[in-house]
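# Structure at a glance
Chain residues, written in single-letter form:
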Amino acid sequence: MDPGGPGHDHCGIGCTQLVTDTLAALSAHGTRRFVIVNPAIDNISFLCEAARETTLSVPEARVMIVNWWDVVGEDFRNTLARDTGVARTEDHRAGTVESSLVMHIAPEATHPERSAQTEHRGNVGYTAAGRWRNAAG
């Protein structure tokens, strides 16, 4: 999902509003602690603004923003670069990582059968079903 709209490479002002509205709706139901996992380096300022707006309107709310690349560690990022052919300088988007994490944490929330798309990077392919395979076979 690109809340910034078609053709946007980053979250954008639309994302700030989307995240702010989501946090406000959750706050209206009593939620006060939030963790936002940032999938792309370009989103940081927008997510910080959403967190600021939320804590101004709900002073008892606490919002933590976690960057995916700060959590997974260097070994993982090096392995990801090696296995996918995506250079470390280009791995600031969590596409493959996000998909894999959701498939691991909440497989019932994923629907790989809805997509036949396969993404090829380097000598491996990543299928919508979350399986690595040799791109040749």
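Residues take numbers from 1 onward in each chain, read along the sequence in its written order. Thresholds applied to this predicted model are a pLDDT of at least 70 for local features of residues and 80 or more for the giving and counting of side-chain atom pairs; totals over whole chains, interfaces and linings are not thresholded and use all residues. Note that the side-chain values use all heavy atoms of the structure and ignore hydrogens as well as water.

Within an unreviewed UniProt entry, the label attached to the chain reads Creatininase family protein, and the organism entered is Nocardia carnea. The UniProt entry for the chain carries the following comment under Cofactor (unreviewed entry): "Zn(2+)". UniProt positions are given in the numbering used here, feature names are shortened, and annotations may be inferred rather than shown by experiment. Recorded in UniProt for the chain, the comment headed Sequence similarities (unreviewed entry) runs: "Belongs to the creatininase superfamily."

## Brief notes about the overall build of the chain
Helix and strand labels come from DSSP, where a helix needs a run of H or I of at least four residues and a strand needs a run of E of at least two; each type is numbered from the N terminus. Each helix and strand counted, the chain has five helices and five strands in total. Going residue by residue from the N terminus, the α and β elements of the chain occur as α-β-α-β-α-α-α-β-β-β. When accessible area is computed with a 1.4 Å probe and restricted to protein chains, residues below 20% of their type maximum are described as buried, those above 50% as exposed, and intermediate ones as partly exposed. In the chain, buried positions account for 31% of the 137 residues. Residue contacts are defined here by distance: any two heavy atoms, one from each residue, within 4.5 Å place the two residues in contact. For the chain, contacts bridging at least 24 residues in sequence account for 55% of all contacts bridging at least 6. Carbon and sulfur atoms form 57% of the exposed surface of the chain, whose accessible area is close to 8,800 Å². Note on areas: these come from Shrake-Rupley sampling with a 1.4 Å probe, and a residue is covered only by the protein chains present in the view.

## Here's the deal with the packing of aromatic side chains
Geometrically, a pair of aromatic rings is defined through the distance of the ring centres and the angle of the planes. Put simply, two rings from Phe, Tyr or Trp (the six-membered ring, in Trp's case) pair if the centres are within 6.5 Å, and we call them stacked under 30 degrees between planes, edge-to-face over 60, tilted for the rest. Across all of its chains, the model carries one aromatic pair by this definition. Judged by centre distance (6.3 Å) and plane angle (90°), the rings of W68 and W69 are edge-to-face. You can call W68 buried: its relative accessible area is 4%.

## A short note on the confidence of the model for the chain
As a per-residue measure, pLDDT reflects the predictor's confidence and takes values from 0 up to 100. When pLDDT is averaged along the chain, the result is 74; 64% of the residues meet or exceed 70. When pLDDT is averaged over each helix and strand of the chain, the minimum, 42, is found for strand 5 (residues 132-134) and the maximum, 95, for helix 2 (residues 44-57). For residues 1-9, every residue scores under 50 in pLDDT, and the model assigns this stretch 11 contacts once sequence neighbours within four places are set aside. Scored below 50 in pLDDT, residues 120-137 shows 47 contacts in the model against residues more than four places distant or in partner chains.

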